[in-house]
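# Structure at a glance
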Amino acid sequence: MPGTSRMPISLRGTLNNVRRRSRAINNPLGLLDLDLIRNIIFFLFLLRWTRRAIWKLKGRGLLGTLAEVYADVRRVLYGWFLRMPGVRAKVRRQIDEALSKVQAKMVPSNATRYLTLPKEGWTEEAVRKELKDLADMDHTRWEDGYVSGAVYHGEDDLLKLQTEAYGKFTVANPIHPDVFPGVRKMEAEVVAMVLNLFNAPPGAAGVSTSGGTESILMACLSARQKAYVERGVTEPEMILPDTAHTAFRKAGEYFKIKVHLVACPAPDYQVDIRRVARLINSNTILLVGSAPNFPHGIMDDISALSKLALKKRLPLHVDCCLGSFLVPFLEKAGFETAPFDFRLKGVTSISCDTHKYGFAPKGNSTVLYRTQALRSYQYFIDPSWSGGVYASPGLAGSRPGALIAACWASLMSVGEVGYLSSCTQIVGTTKKLLAHIRTSPALSPELEILGNPLVSVLAFRAKTLNIYDIADGMSAKGWHLNALQYPPAIHVAVTLPIAKVWERLAADLEAVVEEEKEKERVRLVEGKGAAKGGAEAAGDTAALYGVAGSLPNKSVVVDLAMGFLDLMYKA
Ligand SMILES: *Cc1c(COP(=O)(O)O)cnc(C)c1O
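What comes next concerns the included structure. This is a predicted model, so every value here is computed, not measured.

What follows is about the overall build of the chain. Summing up its helical and strand segments, the chain has 17 helices and 13 strands in all. Across the chain, every contact between residues at least 6 apart in sequence was considered, and the portion connecting residues at least 24 apart equals 71%. With 70 positive and 56 negative side-chain charges, the chain shows a separation of 12 Å between the mean positions of the two kinds.

Given below as structure tokens:
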């Protein structure tokens, strides 16, 4: 067809003209022509992809790479399957059913709802009464020690002092240090005290943040900026133990840092250092270890990570969000410990949550840096805004001075002796619970502790029973423990409220394991016809993780979780 063939010919002609002219005018010597440029660009492209392929093979090995490709293919294929017309509608229906059950529990329909401002403001009395009713809503009894983690201190005397501190500084905002000099002083002192706890060298610096997640986000941002400014890294990557808190993956998403996850295999469940080393390349901006991690309460081998970081001249972040005010006291309290803080020369930043075992009210955490320069990489400074020269240390602009005051009050009132004694109580309880699970005739044949937990969290899996049925059994007895995946397990984060009732926890666990064993026996007697879990409906945890664990593509879980988040804002 002449109409279609004419275009390319004329285009080709134009290109040739351009080429001839550019040769004649710009490159009289003919050293550089378009062909050469094209070849160079192609070569660079090839180099880039070859380099990536080599890094991948070096990092994961041939089998590991193939396994990743296989998982990706399965994920994509299963994703297509889920989107097939008949399947999609059915899946959606099941998700909606599950969500309406959650809604029935989470958003009681019998309560009076306030969806617009009251015309006339309520009297103080009315507000007070409603607040009391809200606090008394039916809930898992953290006050009686039924909740893993979540509430770390909870004694009335400290709560009262925190509330007073909060009340004195309700209007305060550290963004205006001249208006609220007291808050500035307290904030600087909180950071100084935490730096001291973690044996920071002279010249070290830190900031306070709204929580562990923000501390981790800031540490990742700082490492990314450092690599960009000092080494020109534009495609940053970081290497995480797969047990590291998911806030690091959030940082990866927010700040466009590629995340490499490294397995933490049995029997010690610490990150595999050799695999970390293999994943390091010239785009690496940060190594990470936890002391301890959230899922299993295991401390990674921070000494080995520190050596590796020094050798490769890379920053190393140690996540002590959970370890917070326990890990610095382990040694003094006479417990087994391992090095984790700035005394290891390779450690460049540490996150520590004052709102966990520091017992400050929620909304308090710190991130510490070995040098002031590292800290300044997380600063935001805008010299040319029409609103004036603007500078803020981190994510937030205005911040609640009241929370800083309450944090400072907590640290000052508990003091070293207080934290040492809570460490003795909390870690001591964890040891007792560990020993009980390992030796009790009812529990030891069935439950297996993951690794060697040194701090306040212990995780266990079941050898033959379904661990999620055990989790649901514990929920039925009023306990709120944490279900884990990969491997399926449960964890308990011991707090002061739990330390008082750990024996009841152990007894209930024994009872639940017995019940589950009995159900298993009945199933066996009834024959193989009754499939596992077929006799009675699975509980919530078993239903969620039983399905989720086996899916090659998690989009159903994502949809469920998204619906859950939406429900949080259902008035
Ligand atoms: C709790 C926790 C965090 C994150 O803390 P948030 O305050 O919930 O944002 C980070 N790392 C570990 C190990 C934690 O346990």
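Spatial strand order, S10-S11-S13-S12: four strands in an open sheet with antiparallel pairing. Strands at the two margins of the open sheet, each flanked by one partner only, are strand S10 (447-449) and strand S12 (482-484). With strand direction ignored, the average angle separating the axes of adjacent strands in the sheet is 35°. Pairing of S12 with strand S13 (residues 489-493) involves three bridges; the strand directions are antiparallel. Residue pairing in the sheet places alanine 483 in a bridge with isoleucine 490 of S13. On top of the sheet, helix H12 (residues 401-439) reaches S10, strand S11 (457-462) and S13; it is set at about 15° to S11, its chief contact. Against the sheet, helix H13 (residues 467-476) touches S10, S11, S12 and S13, its axis set at about 40° to S13.

In this structure the tally under the stated criterion is 26 salt bridges. A salt bridge links lysine 129 to aspartate 133, with the shortest nitrogen-to-oxygen separation between them at 2.8 Å. In this pair, lysine 129 and aspartate 133 are both assigned in helix H4 (residues 124-135), four residues apart and thus about one turn of the helix distant. Here lysine 129 falls in the exposed class, since its relative accessible area comes to 53%. On the basis of relative accessibility, which here comes to 33%, the residue aspartate 133 falls in the partly exposed class. Where glutamate 520 meets arginine 523, a salt bridge forms, and the shortest distance between an N and an O atom there is 2.9 Å. In this pair, glutamate 520 and arginine 523 both sit in helix H15 (residues 502-525), three residues apart, roughly one turn of the helix. By relative accessible area, which is 22% here, glutamate 520 ends up partly exposed. Overall, arginine 523 belongs to the buried group, its relative accessible area being 6%. Each of Arg48, Arg52 and Glu235 takes part in one network of salt bridges that share partners.

Calculation rules
Residues numbered from 1 in each chain as written. Predicted model: local features only at pLDDT ≥ 70, side-chain atom pairs only at ≥ 80, totals over all residues. Heavy atoms only, no water. Helix = DSSP H or I, 4+ residues; strand = E, 2+ residues; numbered from the N terminus. Contact = heavy atoms within 4.5 Å. Lys, Arg positive; Asp, Glu negative; His and termini not counted. Charge placed at Lys NZ, Arg CZ, Asp CG, Glu CD. Pairing = 2+ DSSP bridges. Axes fitted to C-alpha atoms, helices over the stretch in contact; angles between N-to-C directions. Salt bridge = Lys/Arg side-chain N within 4 Å of Asp/Glu carboxyl O. Buried < 20%, exposed > 50% of the residue type's maximum accessible area, 1.4 Å probe, protein only.

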